[in-house]
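In case you want the letters, here they are:
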Amino acid sequence: DSGVTQTPKHLITATGQRVTLRCSPRSGDLSVYWYQQSLDQGLQFLIQYYNGEERAKGNILERFSAQQFPDLHSELNLSSLELGDSALYFCASSTQQASNVLTFGAGSRLTVL
Amino acid sequence: ILNVEQSPQSLHVQEGDSTNFTCSFPSSNFYALHWYRWETAKSPEALFVMTLNGDEKKKGRISATLNTKEGYSYLYIKGSQPEDSATYLCASPQAGTALIFGKGTTLSVSS
């Protein structure tokens, strides 16, 4: 157990639907990152939050949004889902500094049918 | 977003072979270089973080070097074992914050 908790582990839904993925960071970590891993792709950076504020944005679609709450947990909302959104979504946390390692959760596997 | 490139994409070696992979990254505005190991059905786990030119890190049979001036890092595995089979990722922070990952080198070690 890495200390980063992601729910749900698996999710199957239909095109056009909306889902929410949840992440609780490791105790003491203020920064949360979301990454997407699709077939034949590496880990694609989506977005980062630090202590409730958006800190960096990557290749995140407009249909996706995220937030970090006062208790530091984060949610990634995916709407108007398409088949191509099927992927493994990882949350990771760190203490923020660039040299600090990321601790990854187990991932949420989303399948869009 | 800066590009982090890794080669080779995949590698198959025999048990006992030594091997190495390459990670290249833009050398301007360098902050740090991370290596992670990602085993099948698990999450990526950190191996090393290097910040200074010339850094060398070692963990058991795995070691890494860093050249920030020319923008590359090497990961070496000495005497590969089947349990070393995994995808090895390198990553570098963008603008000092979010880690941008390469696509990884997938190592397969046969016994």
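Here's what I pulled together on the structure shown here. Just so it is clear, the model here is predicted, and its values are computed rather than measured. Along each chain, residues carry numbers from 1 onward, in the same order as the chain's sequence is written. All chains are assigned letters beginning with A, and all ligands numbers beginning with 1, in the order in which they are written. Selection of residues for local features in this predicted model requires a pLDDT of at least 70, selection of side-chain atom pairs for listing and counting requires 80 or more, and totals for whole chains, interfaces and linings are taken over all residues. As a rule here, side-chain values come from all non-hydrogen atoms in the structure, and water together with hydrogens is ignored.

Considerations on the interface of chain A and chain B
Move 1: Across the contact, 22 residues belong to chain A and 21 residues belong to chain B.
Move 2: A 1.4 Å probe defines the accessible area here, and the buried area is the portion of it lost by two parts on being joined, summed over both. Regarding the contact of chain A and chain B, the summed buried area is about 1600 Å², with carbon and sulfur atoms giving 68% of it.
Move 3: For this document, the term salt bridge refers to a Lys or Arg side-chain nitrogen within 4 Å of an Asp or Glu carboxyl oxygen. Taken together, chain A and chain B are joined by zero salt bridges.
Move 4: By the criterion applied in these results, polar contacts are pairs of N or O atoms within 3.5 Å in which, for protein atoms, one can donate a hydrogen and the other can accept it, and in which residues neighboring in sequence qualify only through two side-chain atoms. Joining chain A to chain B, the criterion identifies three residue pairs in polar contact (both at pLDDT 80 or more). When checking whether two residues touch, look at their non-hydrogen atoms; a contact exists if any pair is within 4.5 Å.

Here's the deal with the pairing of strand β7 (residues 62–67) of chain B
All names here are of chain B.
Move 1: Burial classes follow relative accessibility: with a 1.4 Å probe on protein chains only, a residue under 20% of its type's maximum area counts as buried, one over 50% as exposed, and anything between as partly exposed. Starting at the N terminus, helices and strands are each numbered in turn, a helix being any DSSP run of H or I of at least four residues and a strand any DSSP run of E of at least two. Counting buried positions along β7 gives five out of six residues, so the element sits mostly inside the fold.
Move 2: One requirement defines pairing of two strands: DSSP has to find at least two bridges between them. In the sheet, strand β6 (residues 56–59) pairs with β7 via four bridges, with the strands oriented antiparallel. In the strand pairing of β7, Lys59 is matched with Ile62.
Move 3: Where β6 folds back on β7, the antiparallel hairpin that results is connected by two residues, among which Gly60 adopts a positive phi of roughly 65°.
Move 4: Relative to strand β8 (residues 72–77), β7 runs antiparallel, the two sharing six bridges. Along β8, the bridge assignment pairs Ala64 with Leu75.
Move 5: Taking the residues between adjacent antiparallel strands as the criterion, β7 and β8 are bridged by four residues, where Gly71 takes a positive phi near 75°.

What to know about the pairing of strand β4 (residues 33–38) of chain B
Residues and elements named next belong to chain B.
Move 1: Of all six residues in β4, five are buried, a share of seventy percent or more.
Move 2: As defined by bridge partners, β4 adjoins strand β5 (residues 45–50) across five bridges and the pair is classed as antiparallel. Within β5, the position partnered with Leu33 by the bridge is Met50.
Move 3: Where β4 hands over to β5, the hairpin turn is made up of six residues, of which Ala41 adopts a positive phi near 65°.

Digging into the environment of A:Leu102
Move 1: Within the secondary structure, A:Leu102 is located in the loop between β9 (87–94) and β10 (103–104).
Move 2: A relative accessible area of 3% places A:Leu102 in the buried class.
Move 3: When the C-alpha atoms of A:Leu102 and A:Ser38 are compared, they prove to be 20 Å apart, with 64 residues separating the residues in sequence.
Move 4: Excluding anything up to four places from it in sequence, A:Leu102 contacts A:Tyr33, A:Tyr35, A:Ala92, A:Ser93, A:Ser94, B:Tyr36, B:Leu99 and B:Phe101.

A word on the layout of surface pockets
Move 1: Both site types are read off a 1 Å grid over the protein atoms alone. A 1.4 Å probe that fits but cannot get out defines a cavity, while an open set with protein on both sides within 12 Å along at least five of seven lines defines a pocket; lining residues have an atom within 4 Å of a point. Grid points are joined across faces, edges and corners, and a volume is the space filled by probe spheres set on the points. Looking at the largest pocket, its volume works out to about 1000 Å³.
Move 2: Contributions of two or more residues to the lining of the largest pocket are made by β5 (43–50), β9 and β11 (108–112) of chain A together with β1 (5–7), β9 (86–93), β10 (99–101) and β11 (105–110) of chain B.
Move 3: In this structure, the second largest pocket encloses a volume near 350 Å³.
Move 4: Lining the second largest pocket are 18 residues, with A:Asp1, A:Ser2, A:Phe104, A:Ala106 and B:Ser43 sitting closest to its centre.
Move 5: Broken down by element, the residue count for the lining of the second largest pocket peaks at three residues, all from strand β1 (residues 5–7) of chain A.
Move 6: Along the lines of polarity and charge, the residues of the lining of the second largest pocket split into seven nonpolar, seven polar and four charged. Any residue outside Ala, Val, Leu, Ile, Met, Phe, Trp, Tyr, Cys, Pro, Asp, Glu, Lys and Arg is labelled polar, Gly included; the first ten of those are nonpolar and the last four are charged.

Digging into the packing of aromatic side chains
Move 1: In this scheme Phe, Tyr and Trp rings, the latter by its six-membered ring, pair at centre separations within 6.5 Å, and the angle between planes marks the pair as stacked below 30 degrees, edge-to-face above 60, and tilted otherwise. On inspection of all chains with the given rule, the structure shows 13 aromatic pairs over all chains.
Move 2: Ring centres 5.4 Å apart and planes at 75° place the aromatic pair A:Phe90 and B:Trp38 in the edge-to-face group. Taken together, the residues A:Phe90 in strand β9 and B:Trp38 in strand β4 connect one chain to another.
Move 3: A:Phe90 gets classed as buried once you look at its relative accessible area, which sits at 0%.
Move 4: A relative accessible area of 13% means that B:Trp38 is categorised as buried.
Move 5: An aromatic cluster of at least three residues, connected via ring pairs, comprises A:Tyr35, A:Phe45, A:Phe90, A:Phe104, B:Tyr36, B:Trp38 and B:Phe101.

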